[in-house]
Amino acid sequence: MAALQLEGLARHYGEREALRDVSLTLEEGRTLVVFGPNGAGKTTLLRVLCTLLRPHAGRVEVLGASLPDEAWRVRGRVGLLAHEPLLYRELTARENLRYHASLHGAREERIDELLELLALRGREDEPLRTLSRGMVQRVAVARAVLHEPDLLLLDEPHSNLDPAAIELVAPLIGAGSGRTRVICSHDPAGGLAQADLVLGLRAGRMALLRGARDVDVGEITELYR
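Before going into details, it helps to say that this report is about the structure given with it. (Residues numbered from 1 in each chain as written. Predicted model: local features only at pLDDT ≥ 70, side-chain atom pairs only at ≥ 80, totals over all residues. Heavy atoms only, no water.)

**So, the nonpolar core**
Applied cut-off: Note on terminology: a nonpolar core comprises buried Ala, Val, Leu, Ile, Met, Phe, Trp, Tyr and Cys residues joined through side-chain atoms within 4.5 Å. We call a residue buried when its accessible area falls under 20% of the maximum for its residue type, exposed when it is over 50%, and partly exposed in between, using a 1.4 Å probe and counting protein chains only. Think of it this way: any DSSP run of H or I at least four residues long counts as a helix, any run of E at least two long counts as a strand, and we number them from the N terminus. Should any heavy atoms of two residues lie within 4.5 Å, those residues are counted as being in contact.
Counting 39 residues, the largest nonpolar core has L81, L128, V139, L172, I173 and V198 as the members making the most contacts within it. Considering each element in turn, this core owes the most residues, eight residues, to helix α5 (residues 133–145). Once residues lying within four places of it in the same chain are set aside, the contact partners of V139 are L87, A93, L97, L120 and L128. One finds V34, L46, V62 and C184 within the second-largest nonpolar core, a separate group that totals 34 residues.

See below:
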């Protein structure tokens, strides 16, 4: 079964086209990595897929649900890790996770499990504003996977993470998680290593769509020139 099916997806902001005629199919359990310079439409694509933005044209199906009409069917099955952590700075890590758990029906045991896995024990009851950016990113990872989503939408997921922290989050958002993933990346070699399917965007249009085995780093680098 296809996790994502896009046909002619378009989205604009006033007269500016953010996405135009984007079409692809991603099978369940596979990873799509999206490359492109700033302003290419990568974040807009993620926001459409997680139902935060409505497509203005085309057909969009996510986990078998047609968007925007069936957005309610998919919201609880998607985990979003965005540029912004989508957390409350004045709340503690545990309080933030409890709030999101209440939205999804996740149990306290799941919160404890994630705090342990992400080495946040001992800091979970401190306000987020007192934590380092790397720790906040780890809390954001916990929020994104708290409800055990089927689809992960990851915008530069390793931002602010040191090598040790990248190893901590790998079982949750890496290839070993077994989840379908869409990753936006500016790292040609690192992103390509994770991809099954590669999408290159330039000014909202598809400049590249190919299986990862048929793409080299030079082609991805060319998107940024």
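**Section: the sheet that holds strand β5 (residues 65–67)**
Counted only if it meets this: Pairs of strands are assigned from DSSP output, requiring at least two bridges between the strands. Angles run from 0 to 180 degrees between N-to-C directions of axes, and those axes are lines fitted to C-alpha atoms, restricted for helices to the stretch in contact.
Strand order in the open sheet formed by four strands is β2-β1-β4-β5, and the pairing between neighbours is antiparallel. Each edge of the open sheet carries a strand with a single partner, namely β2 (16–27) and β5. Going across the sheet, the axis of each strand differs from the next one's by a mean of 25°, ignoring polarity. In this structure, strand β4 (residues 57–62) lies alongside β5, joined through three bridges in antiparallel fashion. Bridge pairing in β5 links E61 to S66.

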